[in-house]
Amino acid sequence: MKTQLLPSILASSLFFAINAHADHPAQESEDDDFLDFSLEELISLDIPDVTSVSRKKQRLMDSAAAIYVITSEDILRSGVTSIPEALRMVPGMQVARMNGNTWSISTRGFNYIFANKLLVLIDGRTVYSPLFSGVNWDVQDTLMEDIDRIEVIRGPGAALWGANAVNGVINVITKKAADTQGSLVSLGAGNEEKAFGAYRYGGEFGETGFYKVYVKTFERDGLAKTDGSDANDDWKMKRVGFKTEWKPAADTDFTLLGDLYEGTTRPALTIFKNDEPFAGDKGMQMLENISRDQRGGNLIAHWKKTVSDTEDYSLRAVIDDYQNFDYRVTEKRQSFDMEFQHYFQPIENHDLVWGLSFRRTWYQMSDMRNIIHRDENGQPKDSRQDNLYSLFAQDDITLNHHWNLSFSARYEHNEFTGKEFQPNAKLTWKVNDNRTLWASVSKAVKTPSVSETAVLSDNITFVNTGPSNAILSIAGNQKLQSEELNAFELGYREQFGSLFRLDVTGFYNQYKNIVAYVEASKCPDGSSLIYPLGPDFGICQPKNNSLISLPSTLINGLDAATYGLEIVADWQAKDWWKLQLTYSWLQVDASPNSSNPSLAYALKRNEWLVEDLNAKQTATLRSSMNLPNQWYFDFWIRGMSNMKNAGVPGYTALDMRLAKKINDNLELSLVAQNLFDKQRAEFTEVFSGLSATEIEESWYAQIRWSF
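Basis of the calculations
- Residues numbered from 1 in each chain as written.
- Predicted model: local features only at pLDDT ≥ 70, side-chain atom pairs only at ≥ 80, totals over all residues.
- Heavy atoms only, no water.
- UniProt positions renumbered as here; feature names shortened; annotations may be inferred.
- Disulfide = S-S within 2.5 Å.
- Helix = DSSP H or I, 4+ residues; strand = E, 2+ residues; numbered from the N terminus.
- Buried < 20%, exposed > 50% of the residue type's maximum accessible area, 1.4 Å probe, protein only.
- Pairing = 2+ DSSP bridges.
- Salt bridge = Lys/Arg side-chain N within 4 Å of Asp/Glu carboxyl O.
- Phe/Tyr/Trp six-rings, centres within 6.5 Å; stacked < 30°, edge-to-face > 60°.

The name given to the protein in an unreviewed UniProt entry is TonB-dependent receptor, with Endozoicomonas gorgoniicola as the source organism. Annotation of the protein in UniProt includes, under Subcellular location (unreviewed entry), the sentence "Cell outer membrane".

See below:
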């Protein structure tokens, strides 16, 4: 089936469904409409309560943060097949797919392949990588049908969740085993989603125990090169997992869950190869069909004792293993996390939460062709171990029925910068049950990563300097300090009856000590420059006759201010039709923080890079229609303005999904994605060695059967 036929098929099916609706007697009046629709065909603006803002359950309407919830219904009706694609629903979240299995994801600025200012958790497990302070999105997966909700905080969350929750917190929460009983089969195929399938079974044991196990696999086609040919970065992955819950005593809950995964992809790389004779244009070669294998797993144990309605204890332990066999470097990483939390009310109107946490991470690195981990003397080092300790507390004070004040803070000790303190204060004015205004002042830090302090990145960044082309060697700097953020937010929410809801957030962020790359005064091997170009920079021994080598390093060289507006509007147009419009506007102003004249040009270059990395404006429109006879039609339009330094012009994309429930347990659906452009780039960059690829129009069909 050609992709171009999909809109026609979807339109024809929708026409059939609408005609069925037109013939339906429910057209006689709005009241009759309501009476004639089944519960399945009704729709509402209801959203679940949230827990990420204050580590306790509360109404989203009362939350003093820019929080957005992606519900399980949103995930299933959007047709997304991965967590990164689901995050495109979040207002202001900039999600860019860079190749078959690589995404750059950020909010409120600083998006890049090494986007490092978001903290991501899955069922309480931190999936942030200390190697580059980012997320390996390609291995963060689960059964999409079993995601209960994704809570996304835009803005700092470091006081409660830890360092690197600078621009946001993403908390993926899966359904309980008790809520996923019986069997579920999901199968699908398409032109890009070539084949995928999943099976889950849930059952009971003893008097209080529930469990579920699942298996999932997929094979996705590669993206396209800029000339339209296949990039050959197909992606295969298989995964198994389980979750079990039981009550050892009436006041005690225990949860144990885990996953194992294994997969492979073939991302095209554009790098300089030292181990082969010179070939290719200007010394850089595109390497294709090089397998990149990944495997890993995790195990989470969570114990909770409920003393009363106003007091409980919990303890969580996590073991995580990740192995990435990349051509540039092979990384094996294991980590152990433990966190204790205590909630209680020491005095009336005070909800106190405090806790302790500890993390140890072990690394082993080998095959360091382009990414070389080094010791303090600049020599290759194949292993390391890091520890992280932290203490946090929050006092949530109910002043009266309308006013609430919250103070929280976290103290951390890490291996890179030592002590860090991150406080937060929030004020909520609940005018009535349907109208809330809130304000927040926060401090958060992004600690330096292993790659920023102890890694030499060599032979993968090509710079066209005009008459002479150059390889940029970037050496980490062990003297880097944390990037600091002081954030100020104002928010307003109102529910207008049962048909319309508005959520508006304005923010102003001040950043200090943002990491920038500048020319270095020494070559990566410690030798002197062979041809100085200035007092602190120059050229190293050339790679070959046409390719000079420019050494560079990292410093805390920039300050920045970002400010913007985020709007979410939900409208229930009919009992069977819901619309959501989101819009965000973002401005980034950066400036060098050094008066050193030899760094002036380099820092100005970083300023230019940072300011034009992100789209200034993004918008989405999502429509969900529950049609008669259990037909369902959804469409989703996404728009993004120009991203100058990512090499991406503004674009608009359309996704559509048409589904038919044969009965309560069996559903067929047809999904078309990324319409309007046959193919398009979403992000390009030069610091990773990944070749530029483009996302394509796609379609897939799916059957979902529960029994």
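Undergrad: Lay out the state of the cysteines in plain terms, naming residues and giving numbers.
TA: A complete count under the given rule lists 1 disulfide for this structure. Note on cysteine connectivity: cysteine 523 is disulfide-linked to cysteine 540, with sulfurs 2.2 Å apart. Here the disulfide of cysteine 523 and cysteine 540 is left-handed, its torsion about the S-S bond being about -115°. Of the two residues, cysteine 523 sits in the loop between strand S29 (500–519) and strand S30 (531–532) while cysteine 540 sits in strand S31 (residues 538–544), which places them 17 residues apart along the sequence. When sorted by exposure, cysteine 523 lands in the same class as cysteine 540, which is buried.

Undergrad: So, the sheet that holds strand S4 (residues 118–122): which residues are in play, and what are the values?
TA: If you trace the 5 strands from one edge of the open sheet to the other, you get S1-S8-S9-S4-S5, paired in mixed fashion. The open sheet has two free edges, formed respectively by strand S1 (66–71) and strand S5 (125–126), since each of these has just one partner strand. In this structure, S4 lies alongside strand S9 (residues 168–174), joined through 5 bridges in parallel fashion. Along S9, the bridge assignment pairs isoleucine 122 with valine 172.

Undergrad: An account of the side chain of lysine 117 is requested, with residue identities and associated values reported.
TA: Counting through the fold element by element, lysine 117 comes out in the loop between strand S3 (102–107) and S4. On the accessibility criterion, lysine 117 (6% relative accessible area) is buried.

Undergrad: I'd like a rundown of the pattern of salt bridges, residues and numbers included.
TA: Summed over the entire model, instances satisfying the criterion amount to 45 salt bridges. The shortest N-O distance in the salt bridge between lysine 56 and aspartate 351 comes to 2.7 Å. Separated by 295 residues along the polypeptide, lysine 56 in the loop between helix H2 (30–36) and S1 and aspartate 351 in strand S20 (residues 350–366) bring together distant segments of the chain. According to the relative accessible area criterion, aspartate 351 is buried, its value standing at 13%.

Undergrad: Mind laying out the packing of aromatic side chains, listing which residues take part and the relevant values?
TA: Within this structure, the stated rule accounts for 21 aromatic pairs. Look at tyrosine 517 and phenylalanine 687: their rings are 5.2 Å apart centre to centre, the planes differ by 70°, and that puts the pair in the edge-to-face class. Residue tyrosine 517 is located in strand S29, and its partner phenylalanine 687 is located in the loop between strand S38 (679–680) and strand S39 (695–696); the two are separated by 170 residues in the primary sequence. With relative accessibility at 15%, the residue tyrosine 517 sits in the buried group. Relative accessible area serves as the criterion here: at 14%, phenylalanine 687 is assigned to the buried category. Each residue in the set Tyr201, Phe205, Tyr211, Trp246 and Phe254 is aromatic and connected to the rest through ring pairs, giving one cluster.

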